[in-house]
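Residue-level listing of the chains:
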Amino acid sequence: MKGASKYAPKYAPKYGWKYAWIALVTMCLLVVGPMPRQAISATAVPSVVSGNIVAESRTVSAGRDPWLGRETLASETDSLTTDSLALVQQGKQQYQNGQIAIAIRAWQRSLLSASDVAQVQIYRYLSIAYQDLGQWEAAETALSQAFQRQGNGDLLTRAQLLNTRGRLQLLQGQPAAALNSWERAEELYQQLDDGQGLALSQINQAQALRSLGHYRRARLLLTQLAQQIDTLDHPALKAALKRSLGSTLIAVGDLDEARQLLLESLTLDEDAVAVAATHYQLGRVYQALEQTDDALRHFDLAAHSPDVRTALESQLAELRLQVTVAPAVATRRVQGLRSHLLQLPPSRWTLYGQINLAKSWAKLAHHAQAFERDAPSIARLLAHTVQQSTQLQDARAEALALVSLGHLYEQTGQVAAGLSLTEQAIAKARPVRADDLLVKAQWQQGRLLTLLQRKGEAITAYSTAVRYLQRLRQDLVAMNPDVQFSFRAEVEPIYRELAQLLLENVDALPFEQQQRRLNQARDTIELLQLAELQNFFREACRTYTTRSIEAIDPNAAVVYSIVLGQRLEVIFSRPGQPLQHHYAELTTTELTDTVNALRQTLNPAFLASESQRPAQKIYRWLVQPFERELQSTDTLVFVLDDFLRDIPMAVLHDGQHYLIENYAVVLTPGLQLFESAPLQNLTTFTGGLTQARQGFSALPGVADEIAQIRQKVSATALLDQQFTRDRIRTALTQNNFSIVHLGTHGQFSSRLDQTFLLTWESRLGIQDLRQWLPQYQAPLELLILSACQTAKGDDRATLGLAGLTLQAGARSAIATLWAVEDRSTATMMTFIYDALVDRTRSRAEVLRQAQLQLLHSKDFAHPYHWAGFALVGNWM
């Protein structure tokens, strides 16, 4: 107990002193004589499939170990003594059981009596294990020893060593080098006619390509691999590869294709362990698709696996879902799972299991209003996990358990003790580059420091968490399920809470400090927008060099908005001027009611004047405070947040004029996402539907729209029966258009799978346009989408519009936020092309002039007809 006193709370927690003893009880378990420990880390990119020695061997029947490429230990048996062979096999079993440090010791002992030939594989095993533990220098040394002893040996061993080197390189942030290693391994597997090794090396190459930002090449490689797998005549091997590829596609976000591959795997495999592993992956797919009943069904089937680890992981996944949908069932299962976990031998995966159980248990206790009763038991479980991870020398698991225990203390109001535990977790995770854990730990540190009124330190902690988020980039969406981030719950709040700290009382600060805070807050808002898009795509977005507004357009101004609790914060940026700040005190209800009122009154069933009252209110929030600085401004660029993205800025009203009457209006998720360049030529592809298709109404005005366009610019056109997926793909892949104009129904959603464009017989998704448009030639300058709309009730639907624009490789897009009346759309498009032909106008001014012509017309003056058109991206 002597060492536990430093963890005792220094003041009464918010729940009173009833929890104060948790610190003492749990710390009694934590204060254990530490074993010698090494620098330990986690696999930074767990989707790399060809590194683990035996972690996936249970998914392949017939005793084949996919990570060795031949029958297990076949290359070692002849050159090992009986004792050495026993140690190698013992180490492999310990590695499979998650006892990595113990496995290393067994393999190190086996080297003493092994020949050079056997030592090659043993050193390779050691390198993989050291990689898992984050001991990078030891991993490189072991791998170098393996290469040195392998010399000019057999091709299979060299291919295995190259796979291991690629894994190490990718984990150390060297994707180009990793890609090279895996391409060399692929060449050797081709010479060996080893289909399995070939497929696994290609899956790894796709991961490296994604890390390099070559998403199209990665996707093409995976698509070709899926076709190649179908040609195999080995059912068990085909099933295993479909399962591996399906698991990879879950991380990429291709859920439908992942589901198809996994279902096909089920029909091929007869091995009970492999079948259960496939059911577990299907459960993950259906969970991501928010089809809870199907997810529970597959997790339940996987929970009956003969493999203890698969069974336990599936039960824990099932419990996480039941906490929300069947809390009574979850309550009955918690204690059984706890007892089962504590009876299993300690290992990395049992430690993660205990942490996951504690998280689900705490959530369930809150739901059942039993948190006060259950918190001490949850704390004891986590303290036990810390103790076991110390004994296993697994610093990653130890850091994760410490973060979880610190969060429990935060929930019980023991802020000082929670901060101490969190800082211990940071100290464990930082040396081994466990960035995903550091995000959670630094965010938690920031929250706790805020509670302690240590604002400056809190800002530093939050800023550090954001830096780690930026470093992780696409890995956020391919994270190990044991520590996976939920964007809405665990990523977005970090940005918002940092912005809130930065803007708190910012107007009272000295000028220089105020400007630093406003600059950092503005950057934080842009980073949040970028993070939202990365979450939308499940991969990192292409970005351009960040430039000031002066460098882009000296006559433009940018309005940044962010919704923080009971305040709407606005930052105003104008070339050559200091940043300005304004906020409005308003409740979420007031904001949503105003937005909904404006959206409702934009319906033509209402008089045009009825929309002006809510439009004036939003104008007062966003624009009026900066009217004096806008006198020399031509273009207003809006970076909008939350509900505000549901409304067109053009319709804002100052009491006399609509905003569009004074300024060109642009929407953008951020100044670094779209390249700024003037429109050079008008080579156009256009197409669309006039007839009713797939439950959508007819669009007879599209024929006139396309005819008018072809009179003004050179255009390739596909209409109705010609407007098919195959013909669109052929046109886009064989030509280099500067404008793509599609007059068809479509929907923008905050979900990738619900953002689409309608064709004659099918639908186009973002992935289709990304594959078909020639991004490596001259970029697509302008994407025009008429008759599309944002998904009803989706306050982030404009993510789909921005996402469609970015993934099409377009510098900008003009699209409708609702299904505008057919005749007025055709008229609007005629005006747009009239203005485009005049090369002196920016894209923003082109749209503005077209909107003004409708506004001042006899038939289409109502905002319903012209306000729904929005320009996203580059406005030059």
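Predicted, not measured: the structure shown is a model, and the values here were computed from it. Each chain has its residues counted from 1, following the order in which its sequence is written. The predicted nature of this model means local features are confined to residues of pLDDT at least 70 and side-chain atom pairs, given and counted, to a pLDDT of 80 or more, with totals for whole chains, interfaces and linings taken over all residues. Water and hydrogen atoms play no part in the side-chain values, which are based on all heavy atoms of the structure.

Remarks on the overall build of the protein
- In terms of helices and strands, the protein carries 33 helices and 13 strands.
- For the protein, long-range pairs separated by at least 24 residues make up 70% of all intrachain contacts whose partners lie at least 6 apart in sequence.
- For the protein, the accessible area works out to roughly 33,400 Å², and carbon and sulfur atoms hold 48% of it. Put simply, DSSP marks the helices as runs of H or I at least four residues long and the strands as runs of E at least two long, and each gets a number from the N terminus on. Here, two residues are considered to be in contact whenever any of their heavy atoms come within 4.5 Å of each other. Only the protein chains shown count as cover for residues, and all accessible areas are computed by the Shrake-Rupley method using a 1.4 Å probe.

Quick word on the packing of helix α2 (residues 82-96) against helix α4 (residues 116-132)
- What counts as an axis is a line fitted to C-alpha atoms, over the stretch in contact for a helix, and the angles between N-to-C directions run from 0 to 180 degrees. One way to put it is that α2 packs onto α4 with a least axis distance of 12 Å and a crossing angle of 25°. Here α2 is positioned roughly parallel relative to α4, judged by the angle of their axes. Crossing of α2 over α4 shows left-handed handedness. In contact with Val88, Lys92 and Tyr95 of α2, α4 contributes Ile122, Tyr125, Ile128, Ala129 and Asp132.
- Amino acid classes used here: Ala, Val, Leu, Ile, Met, Phe, Trp, Tyr, Cys and Pro are nonpolar; Asp, Glu, Lys and Arg are charged; the rest, including Gly, are polar. A class-by-class count of the residues in the contact of α2 with α4 yields six nonpolar, no polar and two charged. Roughly parallel refers to an angle under 35 degrees, roughly antiparallel to one over 145, roughly perpendicular to one between 65 and 115, and oblique to any angle outside these ranges. Crossing handedness follows the turn of the near helix against the far one: under a right angle anticlockwise gives a left-handed crossing, and clockwise gives a right-handed one.

Comments concerning the nonpolar core
- What we call a nonpolar core is a set of buried Ala, Val, Leu, Ile, Met, Phe, Trp, Tyr and Cys residues that are connected through their side-chain atoms within 4.5 Å. Burial here depends on accessible area, computed with a 1.4 Å probe over protein chains only, as a share of the maximum for the residue type. Under 20% is buried, over 50% is exposed, and the range in between is partly exposed. Ranked by size, the top nonpolar core spans 194 residues in total, and within it Leu622, Phe638, Ile832 and Trp866 carry the most contacts.
- Counting residues in hydrophobic clusters, the runner-up holds 36 residues, among them Ala218, Leu262, Tyr286 and Ala317.

As for the side chain of Ser265
- If you trace the backbone, Ser265 turns up in helix α11 (residues 255-268).
- Ser265 sits in the buried class, given a relative accessible area of 0%.
- For Ser265, the side chain forms a polar contact with the main-chain oxygen of Ala239, separated by 3.0 Å.
- Those residues within four positions of Ser265 in sequence are excluded, and the remaining contacts are Ala239, Lys242, Arg243 and Thr278. Here a polar contact means two N or O atoms within 3.5 Å. Within protein one must be a hydrogen donor candidate and the other an acceptor candidate, and residues neighboring in sequence count only if both atoms are side-chain atoms.

Looking at the packing of aromatic side chains
- Whether two aromatic rings pair depends on their centres lying within 6.5 Å, for rings of Phe, Tyr and Trp, where Trp uses its six-membered ring; planes under 30 degrees apart make the pair stacked, over 60 edge-to-face, and the rest tilted. Per the stated rule, a full pass over the model turns up seven aromatic pairs.
- Centroid distance Tyr280 to Phe299: 5.7 Å. Interplanar angle 50°. Geometry classified as tilted. Of this pair, Tyr280 sits in helix α12 (residues 272-288) while Phe299 is found in helix α13 (residues 292-302), placing the two residues 19 residues apart along the sequence. A single burial state applies to Tyr280 and to Phe299, both of which are buried.
- Arranged with centres 4.7 Å apart and planes meeting at 5°, the rings of Phe572 and Phe626 form a pair that is stacked.

Side note on the pattern of salt bridges
- Salt bridges are defined as contacts in which a side-chain nitrogen from Lys or Arg sits within 4 Å of a carboxyl oxygen from Asp or Glu. Scanning the model with the defined rule gives 31 salt bridges in all.
- The closest approach of N and O atoms between Asp256 and Arg259, which form a salt bridge, is 2.8 Å. Pair noted here: Asp256 and Arg259 are both in helix α11, with a separation of three residues, about one helical turn.
- Ionic pairing is found between Arg823 and Glu821, a salt bridge with its closest N-O pair at 3.3 Å.
- Judged by relative accessible area, Arg823 falls into the exposed class, the value being 53%.
- Classification of Glu821 as partly exposed rests on a relative accessible area of 23%.
- The network of salt bridges with common partners includes Asp230, Lys242 and Glu264.

Concerning helix α21 (residues 455-472)
- Each helix should span, by expectation, one fewer than its residue count multiplied by 1.5 Å. In this model α21 runs 26 Å from its N-terminal to its C-terminal C-alpha over 18 residues, within 8% of the 26 Å that 1.5 Å per residue would give.
- Listed in full, the buried residues belonging to α21 are Ala458, Ile459, Ala461, Tyr462, Ser463, Thr464, Ala465, Val466, Tyr468, Leu469 and Leu472.

Notes on the pairing of strand β3 (residues 580-585)
- When DSSP finds two or more bridges between a pair of strands, those strands are recorded as paired. By the bridge criterion, six bridges tie strand β2 (residues 567-573) to β3 in an arrangement that is antiparallel. Looking at β3, one finds that Val570 is bridged to His582.
- Counted between consecutive antiparallel strands, the loop separating β2 from β3 contains six residues, among which Gly576 sits at a positive phi close to 75°.

Considering the environment of Arg471
- Its place among the elements puts Arg471 in helix α21.
- Residue classification places Arg471 among the exposed residues on the basis of a relative accessible area of 53%.

Brief notes about unusual backbone geometry
- At Gln369, a residue that is not glycine, the phi angle is positive and equals roughly 55°.
- By the secondary structure assignment, Gln369 is in the loop between α16 (348-367) and α17 (371-391).
- Overall, the relative accessible area of 76% leaves Gln369 in the exposed class.
- Unusually for a residue other than glycine, Gln453 sits at a positive phi of about 65°.
- Tracing the sequence through the fold places Gln453 in the loop between α20 (435-451) and α21.
- Owing to a relative accessible area of 70%, Gln453 belongs among the exposed residues under this scheme.

Observations regarding the pairing of strand β13 (residues 869-873)
- Extensive coverage of β13 is indicated by the burial of five of its five residues.
- Here five bridges tie strand β12 (residues 810-816) to β13, and the two strands are oriented antiparallel to one another. Its bridge partner lying in β13, Ala813 is registered against Val872.

Comments concerning the environment of Leu161
- In this fold, Leu161 is placed in helix α6 (residues 155-171).
- A residue is classified by how much of its surface remains accessible, and Leu161, at 0% relative accessible area, is buried.
- With 20 residues separating them along the chain, Leu161 and Ser181 place their C-alpha atoms 9.2 Å apart.
- Setting aside residues no more than four positions away along its own chain, Leu161 makes contact with Val120, Arg124, Leu143, Ala146, Phe147 and Gln150.

Structural notes on the side chain of Thr524
- When you line up the elements, Thr524 lands in helix α23 (residues 511-537).
- With residues up to four places along the chain from it excluded, the contact list for Thr524 reads Tyr495, Leu498, Ala499 and Leu502.

With respect to the packing of helix α19 (residues 415-429) against α20
- Closest axis-to-axis distance for the α19/α20 pair is 9 Å, and the angle between their directions is 155°. Comparing their axes, α20 and α19 come out roughly antiparallel. The chirality of how α19 crosses α20 is left-handed. Note on element contacts: α20 touches α19 through Leu437, Leu438, Ala441, Gln442, Gln444, Gln445, Leu448, Leu449 and Leu451, opposite Val415, Gly418, Leu419, Thr422, Glu423, Ile426 and Ala429.
- A per-class count over the contact of α19 with α20 returns ten nonpolar, five polar and one charged.

Side note on α13
- Of all the residues in α13, the buried ones are Ala295, Leu296, His298, Phe299 and Ala302.
- For α13, the elements touching its buried residues are α12 and α14 (308-325).

Observations concerning the confidence of the model for the protein
- Averaged over every residue, the pLDDT of the protein is 82; residues scoring 70 or more account for 85%.
- As a per-residue quantity, pLDDT reports the predictor's confidence and falls between 0 and 100. Confidence over residues 1-78 falls short of pLDDT 50; this stretch has 226 contacts with residues more than four positions distant or in other chains.
- A low-confidence stretch, residues 476-484 (pLDDT under 50), is modelled with 29 contacts involving residues beyond four sequence positions or located in other chains.

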